[in-house]
Amino acid sequence: MALFLFLVIVAIVLGIIGWVVHGLGYLLIIGAVVLVVDIVLGLVRFARRSRRRRIR
């Protein structure tokens, strides 16, 4: 859970820096990609955990 929150914070910071400094637009893209990957990994982990609980 701590890793998830850390990656969300990194994505937000990179996005803000990329948006404020117009020459660093690639940071905005990297931040968005990190955020999407983090959300997908969190959903996969949540789905596995709830599937395990149903089996028992």
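The following refers to the structure shown.

What counts, and where the lines are drawn
- Residues numbered from 1 in each chain as written.
- Predicted model: local features only at pLDDT ≥ 70, side-chain atom pairs only at ≥ 80, totals over all residues.
- Heavy atoms only, no water.
- Helix = DSSP H or I, 4+ residues; strand = E, 2+ residues; numbered from the N terminus.
- Buried < 20%, exposed > 50% of the residue type's maximum accessible area, 1.4 Å probe, protein only.
- Areas by Shrake-Rupley, 256 points an atom, 1.4 Å probe, with all protein chains shown as cover.
- Patch = residues over 30% accessible without salt bridge, like charges linked within 9 Å, V, L, I, M, F, W, Y side chains within 5 Å.
- Salt bridge = Lys/Arg side-chain N within 4 Å of Asp/Glu carboxyl O.

Okay, the overall build of the protein chain next. A tally of regular secondary structure across the protein chain gives two helices and zero strands. In the protein chain, which comprises 56 residues, the share counted as buried stands at 14%. Accessible surface, the protein chain: about 4800 Å² in total, of which carbon and sulfur atoms supply 75%.

Further remarks concern a nonpolar patch on the surface. The grouping of I9, I12, V13, I16, I17, W19, V20, V21 and L28 at the surface amounts to a nonpolar patch, some 830 Å² of accessible area in total. Take the nonpolar patch: its biggest share by element is seven residues, from helix α1 (residues 2-20). You can see I17 is positioned in helix α1. Using a relative accessible area of 36% as the deciding quantity, one classes I17 as partly exposed.

Note that every value here comes from positions in space, so none of it alone points to a role or purpose.
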